[in-house]
Amino acid sequence: MAEVLALALPFFGVIFLGLGCGRLARIPESGLAWLSFFIIYVALPALFFSLVARTPFHELTNGRFIAATTLSTAACFALSLAVGLSLRRGNLPEAAIAAIVGSYSNVGYMGPGLTLGALGAGASVPTALIFVFDSLFFFTIIPIMMAIGGRDRRSVGATAWLVVRRVVTHPFNVATFLGVFAAYIEFHPPGAIEKTLEFLRNAAAPCALFTLGVSVALRPMDRMQSEVPALLLVKLLVHPALVWLVLTTVGGFEPVWIATAVLMASLPPALNAFIMAKQYETYVDGASGGVLIGTVVSVVTVTLMLYALQHDMLPHGLR
């Protein structure tokens, strides 16, 4: 157990260090601007490029794994959407943001550092695939649902073009696509560039986790929305269970790939839930509370998951 705590607590420790600093220091939110830019446009792209570029190209085209994990995420999104619609009186835009809380794992800020630290280099490919295709799913479905719900005044064609543009130009996706190309041509960066990438990817996790903590601290939560407990139940328990069930039922995956997918699914709600809520000016309090409470509760659930994975307690199938 000491080994698991030594792995989990630094991640959550940095988050709560940021949370404490955000509560105590009277620094305006604008002070995060350059750090957020560094994380989103420099450090995390360097991390994802390195993860993917080092991977044999044939491993990056595992369609069965991509389909299984993305469809599991989509199923949890649909379940969370139903919860949101029932408790938000059919308000589709609010229910869509609530569904993000119940299905979108923190695969960007927490995922890579935690999976690689817990499971080793073998987790790099499934980590990258889950990040890319889960992100593509949410970057696509949310603008469409907002257009249907009337929060986005663009036409259908303009919405479709916006979706394509955001998917193609998002720095995480650009870095991943470049990594896929580098893997295809077996490109190896020169020593100086590789050292620079190493500096950047080593900075990605601590900077991202600290920023996550500060960002959550700066989000006031007057009261918890009634549907948040149900959404967190889906996110922290149903999602990893469903991913495990689907992958073991489909079969043919390496144990480390299954463990990586389950660990990624067990992560707390992504900060993107709050970012999208602010973007569309809907369900802001619910998204803020969901991210905050989900992060706190996940200290227990993710630590228990790490313990199970470290001691090979995850069943390999239904039999």
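Procedures and definitions
Residues numbered from 1 in each chain as written. Predicted model: local features only at pLDDT ≥ 70, side-chain atom pairs only at ≥ 80, totals over all residues. Heavy atoms only, no water. Phe/Tyr/Trp six-rings, centres within 6.5 Å; stacked < 30°, edge-to-face > 60°. Helix = DSSP H or I, 4+ residues; strand = E, 2+ residues; numbered from the N terminus. Buried < 20%, exposed > 50% of the residue type's maximum accessible area, 1.4 Å probe, protein only. Lys NZ or Arg CZ within 6 Å of the ring centre and 35° of its normal. 1 Å grid on protein atoms, 1.4 Å probe; cavity = no way out; pocket = protein on both sides within 12 Å on 5 of 7 lines; lining within 4 Å. Points joined across faces, edges and corners; volume = space filled by probe spheres on them. Nonpolar A, V, L, I, M, F, W, Y, C, P; charged D, E, K, R; others polar. Axes fitted to C-alpha atoms, helices over the stretch in contact; angles between N-to-C directions. Parallel < 35°, antiparallel > 145°, perpendicular 65-115°, else oblique. Left-handed = near helix turned anticlockwise from the far one by under 90°. Contact = heavy atoms within 4.5 Å. Disulfide = S-S within 2.5 Å. Salt bridge = Lys/Arg side-chain N within 4 Å of Asp/Glu carboxyl O.

Caption draft 1: Seen up close, the packing of aromatic side chains. Considering all chains together, one arrives at 9 aromatic pairs under this definition. Pairing phenylalanine 77 with phenylalanine 137 gives two aromatic rings, centres 5.6 Å apart and planes at 85°, and the pair type is edge-to-face. Here phenylalanine 77 is found in helix 3 (residues 63–87), whereas its partner phenylalanine 137 is found in helix 6 (residues 124–149), with 60 residues between them in sequence. Just as phenylalanine 77 is buried, phenylalanine 137 falls in that class too. Ring plane angle 75° and centroid distance 5.1 Å describe the contact between phenylalanine 137 and phenylalanine 138, whose orientation is recorded as edge-to-face. Of the two residues examined, phenylalanine 137 and phenylalanine 138, each falls in the buried class. Geometry around phenylalanine 253 places arginine 64 over its ring, the cationic atom sitting 4.8 Å from the centre.

Caption draft 2: View of empty space enclosed by the protein. This model, assessed by the stated rule, comprises 2 cavities of 30 Å³ or more. The volume enclosed by the largest cavity comes to roughly 60 Å³. Lining the largest cavity are Thr69, Thr73, Ser105, Val107, Ile130, Asp134, His239, Val243, Ala261, Met264 and Ala265. The element best represented in the lining of the largest cavity is helix 11 (residues 255–265), accounting for 3 residues. Here the residues of the lining of the largest cavity sort into 6 nonpolar, 4 polar and 1 charged.

Caption draft 3: Molecular detail of the packing of helix 6 against helix 8 (residues 171–185). Contact geometry for helix 6 and helix 8: axes closest at 11 Å, N-to-C directions at 140°. Relative to helix 8, the element helix 6 is oriented oblique. For the pair helix 6 and helix 8, the crossing hand works out as left-handed. The segment helix 6 lies against helix 8, with Phe131, Val132, Leu136 and Phe139 engaging Phe172, Asn173 and Thr176. Of the residues in the contact of helix 6 with helix 8, the class split is 5 nonpolar, 2 polar and no charged.

Caption draft 4: Local environment of the state of the cysteines. Following the criterion strictly, the structure yields 0 disulfides and no others. No disulfide involves cysteine 207; its nearest neighbouring cysteine sulfur is the one of cysteine 21, lying 13 Å away. What makes cysteine 207 partly exposed here is its relative accessible area of 22%.

Caption draft 5: Focus on the pattern of salt bridges. Throughout the structure, instances matching the rule amount to 3 salt bridges. Between arginine 54 and glutamate 194 there is a salt bridge, with the nearest N and O atoms lying 3.0 Å from each other. With a gap of 140 residues between them, arginine 54 in the loop between helix 2 (33–53) and helix 3 and glutamate 194 in helix 9 (residues 191–217) connect regions that are remote in the sequence. A cluster of three or more residues bridged by salt bridges with shared partners is formed by Arg54, Glu194 and Arg201.

Caption draft 6: Structural view of the layout of surface pockets. Each pocket or cavity is described by its volume, and for the largest pocket that value is around 720 Å³. In this structure, the largest pocket is lined by 33 residues; those nearest its centre are Ile40, Tyr109, His170, Asn272 and Ile275. When contributions to the lining of the largest pocket are tallied by element, the ones reaching two or more residues are helix 2, helix 6, helix 7 (156–169), helix 8, helix 9 and helix 12 (272–280). Looking at which element gives the most residues to the lining of the largest pocket, the answer is helix 6, with 6 residues. Classifying every residue of the lining of the largest pocket by side-chain character gives 19 nonpolar, 11 polar and 3 charged. Surrounding the second largest pocket, 14 residues form its lining, Leu47, Leu51, Arg54, Leu116 and Arg201 being those nearest its centre. In terms of residue count, helix 9 provides more of the lining of the second largest pocket than any other element does, 4 residues in total. Partitioning the lining of the second largest pocket into residue classes produces 7 nonpolar, 5 polar and 2 charged.

Caption draft 7: Spatial organisation of unusual backbone geometry. Although it is not a glycine, glutamate 186 adopts a positive phi angle of roughly 55°. Mapping glutamate 186 onto the fold places it in the loop between helix 8 and helix 9. Glutamate 186 sits in the exposed class, given a relative accessible area of 62%. Although it is not a glycine, tyrosine 283 adopts a positive phi angle of roughly 55°. By the secondary structure assignment, tyrosine 283 is in the loop between helix 12 and helix 13 (284–310). Residue class for tyrosine 283 comes out buried when judged on its relative accessible area of 6%.

Caption draft 8: Quick look at the environment of phenylalanine 274. Within the fold, phenylalanine 274 resides in helix 12. A residue is classified by how much of its surface remains accessible, and phenylalanine 274, at 7% relative accessible area, is buried. Taking the C-alpha atoms as reference points, phenylalanine 274 and alanine 123, 151 residues apart in sequence, are found 28 Å from one another.

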